[in-house]
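# Residue-level structure breakdown
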Amino acid sequence: MEKEGIVLDLQTIIRLREEFRELSKDLRNHLGYTEDSIEQVSHTWEDDNFQKFYAKFNQDKERIEPLFQRVDQFEQEFLNDVELNLREYLSLQDDI
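The rules behind these values
Residues numbered from 1 in each chain as written. Predicted model: local features only at pLDDT ≥ 70, side-chain atom pairs only at ≥ 80, totals over all residues. Heavy atoms only, no water. Helix = DSSP H or I, 4+ residues; strand = E, 2+ residues; numbered from the N terminus. Contact = heavy atoms within 4.5 Å. Areas by Shrake-Rupley, 256 points an atom, 1.4 Å probe, with all protein chains shown as cover. Core = buried A, V, L, I, M, F, W, Y, C linked by side-chain atoms within 4.5 Å. Buried < 20%, exposed > 50% of the residue type's maximum accessible area, 1.4 Å probe, protein only. Patch = residues over 30% accessible without salt bridge, like charges linked within 9 Å, V, L, I, M, F, W, Y side chains within 5 Å. Salt bridge = Lys/Arg side-chain N within 4 Å of Asp/Glu carboxyl O. Phe/Tyr/Trp six-rings, centres within 6.5 Å; stacked < 30°, edge-to-face > 60°.

## Observations concerning the overall build of the protein
Helix and strand counts for the protein stand at two helices and zero strands. Long-range contacts, defined as pairs at least 24 residues apart, comprise 76% of the intrachain contacts of the protein with a sequence gap of at least 6. A total accessible area of about 8000 Å² is found for the protein, and carbon and sulfur atoms account for 52% of it.

See the structure below:
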């Protein structure tokens, strides 16, 4: 009987945590760049359609923040715990 599962090693977890940190940082940076660009345009475009778009963007921006928080939480809590457990396990293996 063959069992399927995920094989994790310490380097994979470390790399995955770094990728999640970069993802969160990149998403925040891109949102910031977009926000800055829209803010600049808002000074010259004052028509109703743009104002509706601008209001919708601000609503969407507020809705996306929990996604950033979840990505950070996953990396900082879950993956950190996995890394710590792997480090502890590997140290125990060295003693055997």
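Additional details are given in the paragraphs that follow.
## A look at the nonpolar core
Membership of the largest hydrophobic core is limited to six residues, which are Leu 31, Ile 38, Phe 50, Tyr 54, Phe 57 and Phe 68. Every element with two or more residues in this core is listed here: α1 (10-42) and α2 (48-95). Counting residues per element, this core draws most heavily on α2, at four residues. Those residues within four positions of Ile 38 in sequence are excluded, and the remaining contacts are Phe 50, Phe 53, Tyr 54 and Phe 57. Core analysis: the second largest hydrophobic core is formed by five residues, Ile 13, Leu 79, Val 82 and Leu 86 among them.

## Topic: a nonpolar patch on the surface
On the surface, Leu 23, Leu 27 and Leu 67 cluster together into a nonpolar patch covering about 230 Å² of accessible area. Mapped onto the elements, Leu 67 comes out in helix α2. For Leu 67, a relative accessible area of 45% translates into the label partly exposed.

## Focus on the packing of aromatic side chains
Any aromatic ring pair is given by two values, namely how distant the centres are and how the planes are angled relative to each other. Taken as a whole, this structure holds five aromatic pairs when the rule is applied. Measuring from centroid to centroid gives 5.1 Å for Phe 20 and Phe 74, while their planes differ by 50°, and the two rings are tilted. Placement of the pair is Phe 20 in helix α1 and Phe 74 in helix α2, with a sequence separation of 54 residues. Phe 20 sits in the partly exposed class, given a relative accessible area of 21%. Summarising the aromatic geometry, the rings of Phe 50 and Phe 53 are spaced 6.0 Å apart at their centres and angled 45° between planes, so their arrangement reads as tilted. Pair noted here: Phe 50 and Phe 53 are both in helix α2, with a separation of three residues, about one helical turn. Judged by relative accessible area, Phe 50 falls into the buried class, the value being 7%.

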